[in-house]
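# Fold and geometry: a report
If you want the building blocks of each chain, they are given just below.
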Amino acid sequence: MNKIPFSIYDFFGYLSCGFLLLSAVDFAFNGSALITKKLDGLSGSVLFTILLVFVLGHILANIASWLLESGMLKRVLGPSEEVIFAERRRRGGWARVFPGYYGTLPKETRARVLAKAQERAGITAPGRGLYFHCHAIVKREQVTLERLNNFLNAYGFCRNLSLAALLSSFIALSPAIGALWRRAPMPRVNVLWAGLGLVVAAGMFYRYLKFYRLYTVEVFVSYAETEVSKP
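Quick caveat, the model's predicted, so the values are computed rather than measured. (Residues numbered from 1 in each chain as written. Predicted model: local features only at pLDDT ≥ 70, side-chain atom pairs only at ≥ 80, totals over all residues. Heavy atoms only, no water.)

Of all hydrophobic cores here, the largest spans 46 residues; its most connected members are Tyr101, Val113, Leu130, Tyr208, Leu209 and Phe220. Within the residue set of this core, elements represented by two or more residues are helix H1 (8–29), helix H3 (44–77), helix H6 (107–121), helix H7 (128–138), helix H8 (142–181) and helix H9 (188–224). Counting residues per element, this core draws most heavily on H9, at 12 residues. Excluding residues that lie within four positions of it along the chain, Tyr208 makes contacts with Leu68, Glu69, Leu73, Tyr155, Cys158 and Arg159. Grouped together as the second largest cluster of nonpolar side chains are six residues, Leu15, Leu22, Val53 and Ala61 included. (Core = buried A, V, L, I, M, F, W, Y, C linked by side-chain atoms within 4.5 Å. Buried < 20%, exposed > 50% of the residue type's maximum accessible area, 1.4 Å probe, protein only. Helix = DSSP H or I, 4+ residues; strand = E, 2+ residues; numbered from the N terminus. Contact = heavy atoms within 4.5 Å.)

Spelled out as structure tokens, the structure:
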């Protein structure tokens, strides 16, 4: 009961994503007044800004989970628990853009996982059911659980920051779009920051796919090498 229900990741992960989005809005529409303003003390406005940034980070995390994970990753690229069980590595299409995500488990490991799952729970094919079964078993081991939590924090941070950078890019570009619409001189610095935001968004998305895949691989490899007794 005395343990704080937030980790260091929760604090810095959500704050960094929320701060990035708030900074983009401040830069695009407020001349960076909030960022460059000198603070003489921990005033009420500072506390409010920190709280706002933290809340924005949580909102971004929910949107990123729905858009990038449930949408892009699982529905477009394919669920990792099925991708890594493919007999052959996928070629062409999205595999050319994200080749690291489509790596498969060795056939011996796949066989061990399916054999154990069939004996333990009657599961004979890869899928969400197999993943849930294996995850429930391997998280009992403290070392494995710590590794899974590390991968979870890493891919969650990369996913959230990828979306935050993408949204910040569009926000930073909005004054340039407005100037183009009015046939006024385009603020090049906004275009530069928008381009940088897109680069960061793409880079963090690649990192997100890497850590997400490693999380799934850890679940199945640990299950394959863990002795599971019958109930």
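Turning our attention to the environment of Leu161. Locating Leu161 in the fold gives a position in helix H8. Residue classification places Leu161 among the buried residues on the basis of a relative accessible area of 14%. Distance from Leu161 to Leu21, taken between C-alpha atoms, is 9.5 Å for residues 140 residues apart in sequence. Sequence-distant contacts of Leu161, that is, excluding residues within four places in its chain, are made with Cys17, Leu20 and Met204.

The subject of this paragraph is the environment of Ala136. Looking at the secondary structure, you find Ala136 in helix H7. Between the C-alpha atom of Ala136 and that of Val219, which follows or precedes it by 83 residues, the distance is 9.3 Å.

If you walk through the whole model with that rule in mind, you get 12 aromatic pairs. Measuring from centroid to centroid gives 5.9 Å for Tyr131 and Phe132, while their planes differ by 55°, and the two rings are tilted. A centroid spacing of 5.0 Å and a plane angle of 70° characterise the contact between Tyr155 and Tyr212, whose relative ring orientation is edge-to-face. Pair noted here: Tyr155 is in helix H8 and Tyr212 is in helix H9, with a separation of 57 residues, a long-range link. Taken together, the ring pairs connect Trp94, Phe98, Tyr155, Phe205, Tyr206, Tyr208, Tyr212 and Tyr215 into an aromatic cluster. Here the guanidinium or amino end of Lys210 rests over the ring plane of Phe211, the centre of that ring lying 5.9 Å away. (Phe/Tyr/Trp six-rings, centres within 6.5 Å; stacked < 30°, edge-to-face > 60°. Lys NZ or Arg CZ within 6 Å of the ring centre and 35° of its normal.)

Side chains that differ in charge, positive against negative, can pair when their charged atoms come close. Applying the stated rule across the entire model yields four salt bridges. Residue Glu81 pairs with Arg128 through a salt bridge whose shortest N-O separation is 3.0 Å. With Glu81 in helix H4 (residues 80–83) and Arg128 in helix H7, this residue pair connects regions lying 47 residues apart in the sequence. For Arg128, a relative accessible area of 32% translates into the label partly exposed. Two residues, Arg112 and Glu225, come together in a salt bridge whose shortest N-O distance is 3.4 Å. Of this pair, Arg112 sits in helix H6 while Glu225 sits in the segment after H9, placing them 113 residues apart in sequence. Residue Arg112 is classed as partly exposed on the basis of its relative accessible area of 37%. (Salt bridge = Lys/Arg side-chain N within 4 Å of Asp/Glu carboxyl O.)

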